[in-house]
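A closer look at the structure
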Amino acid sequence: MVARTGDIEKAADVLRAGGLVAFPTETVYGLGANAEDPAAVTRIFQVKGRPPSHPLIVHLSGAEPLDDWVADVPATARVLAERFWPGPLTLVLRRGGRVPLEATGGLETVAVRVPDHPVALALLAAFGGGVTAPSANRFGQVSPTAADHVRSELGGAVDFVLDGGPCQVGVESTILDATGETPSILRPGAVTREDLQAALGRPLEVATTTRIRVPGQHPSHYAPRARVVLVDPEQVVRRAELAQEEGHQVGVLVPPSVAGAAVKAHAVVKVPGSMAAYARGLYGFLRELDRQGCDLIVASLPVEKGLGLAIANRLLRAAGPRHIT
Ligand code: TXA
Ligand code: MG
């Protein structure tokens, strides 16, 4: 079931009344509240079980009201907003007057983006203000890429769920710190490092996957229940079979380079060869392996270029610092 006009109006009313609305974006589903309502923003943290020091992203309907939400927009940020919005790019800028400290975890910077999804844009237009939204999952879990993921994980804690079908991108937005002279990528996503470098005409630094830059960048984010082990692609099948023989219920993400191999394991997912399809499916695969009762997931990292960088980043975080072999 996909959201209708009446649903959009109802959801906007829920936001105005201080309620929480789960809504689709092109990346993942968000858990939204009126960005200017500190009590509603505080409820997001309670529902997610997220520490209040972890900053949220303010979602806007377009780049036009940007000056109300951020204190100062450097020329580079304007170029990127023009080029990539609506789209999966979040810009971290200096906090403007409309943003309460509850939304930024007390920081003097704020993350903003314009999502590229018709339901999200309709909601933002009908509501008329900014909507703070983290991914609509419990803290530390895998982000939801379908309305059913939200319903099963947050259910009655959300006042309204807008269904926009499965998310097309599947991994969270690229986050770029654009406050300083030299922008840097805090979280890789579908607006790739290469895209950003081409738009800016200069190389960009990527904060490493295991370094904690700000609260909310904890390395063991995006984790399924099962432990995730990362090995070289050609070792995936062997490692999975060994663990299965040792008594584990093993789930395998079989890389495209060994797709032909037969695998003896509890549950097997053949990873799509296209990075876009892999990103779109990734969180669903992890959820499915959890659902099938796997206690160990064996996978490998894709080549870290283009969208492969974002996928590798999420797999590393799912594995946590101690499970990379
Ligand atoms: O694709 C997305 O970005 C999704 C959809 C719903 O828009 N949202 C999302 O939100 O992934 P969340 O809360 O799960 O992740 C937001 C990330 C956190 O890692 C947080 O640390 C970072 O944004 N962030 C927010 N404000 C920041 C700030 N002022 N400085 C640095 N990082 C910030
Ligand atoms: Mg999240």
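Residues numbered from 1 in each chain as written. Chains lettered and ligands numbered in written order. Predicted model: local features only at pLDDT ≥ 70, side-chain atom pairs only at ≥ 80, totals over all residues.

Glancing now at the domain arrangement of the protein. Domains assigned within the protein are domain 1 (5–206) and domain 2 (227–319). Contacts between the two partners involve 14 residues from domain 1, matched on the other side by 15 residues from domain 2. (Domains from an automatic or database assignment. Contact = placed C-beta atoms within 7 Å.)

Before going further, it helps to spend a moment on helix H6 (residues 118–127). Taken together, the buried positions of H6 are occupied by Val119, Ala120, Ala122, Leu123, Leu124 and Phe127. In the core, the buried residues of H6 are packed alongside helix H1 (5–16), strand E1 (21–23), strand E3 (57–59) and strand E6 (131–132). Among the residues trailing H6, Gly128 stands out with phi positive, at a value near 85°. (Buried ≥ 20, exposed ≤ 12 C-beta atoms within 10 Å, placed from the backbone. Helix = DSSP H or I, 4+ residues; strand = E, 2+ residues; numbered from the N terminus.)

Attention shifts here to the nonpolar core. In terms of nonpolar packing, the biggest core is built from 101 residues, with Ala22, Val58, Leu91, Val112, Leu123, Ala279 and Val298 touching the most fellow members. Residues lining this core come from more than one domain, with at least three contributed by each of domain 1 (5–206) and domain 2 (227–319). Not counting the four nearest positions on each side in its chain, Leu91 is found in contact with Ala77, Leu80, Ala81, Val112, Arg113, Leu176 and Ala178. (Core = buried A, V, L, I, M, F, W, Y, C linked by C-beta atoms within 7 Å.)

Our focus in this paragraph is the UniProt feature "domain: YrdC-like" (unreviewed entry) in the protein. In the numbering used here, UniProt assigns the feature "domain: YrdC-like" (unreviewed entry) to residues 5–191. From the first C-alpha to the last, residues 5–191 spans 30 Å; its make-up is 32% helix and 18% strand. (UniProt positions renumbered as here; feature names shortened; annotations may be inferred.)

Where H1 meets H6, the axes come as close as 9 Å, and the angle between the chain directions of the two elements is 55°. As judged from the angle between their axes, H1 and H6 are oblique. Relative to H6, the crossing made by H1 is right-handed. In this structure, H1 contributes Ile8, Glu9, Ala11, Ala12 and Leu15 to the contact, and H6 contributes Ala122, Leu123, Ala126 and Phe127. Tallied by class, the residues present in the contact of H1 with H6 amount to eight nonpolar, no polar and one charged. (Axes fitted to C-alpha atoms, helices over the stretch in contact; angles between N-to-C directions. Parallel < 35°, antiparallel > 145°, perpendicular 65-115°, else oblique. Left-handed = near helix turned anticlockwise from the far one by under 90°. Nonpolar A, V, L, I, M, F, W, Y, C, P; charged D, E, K, R; others polar.)

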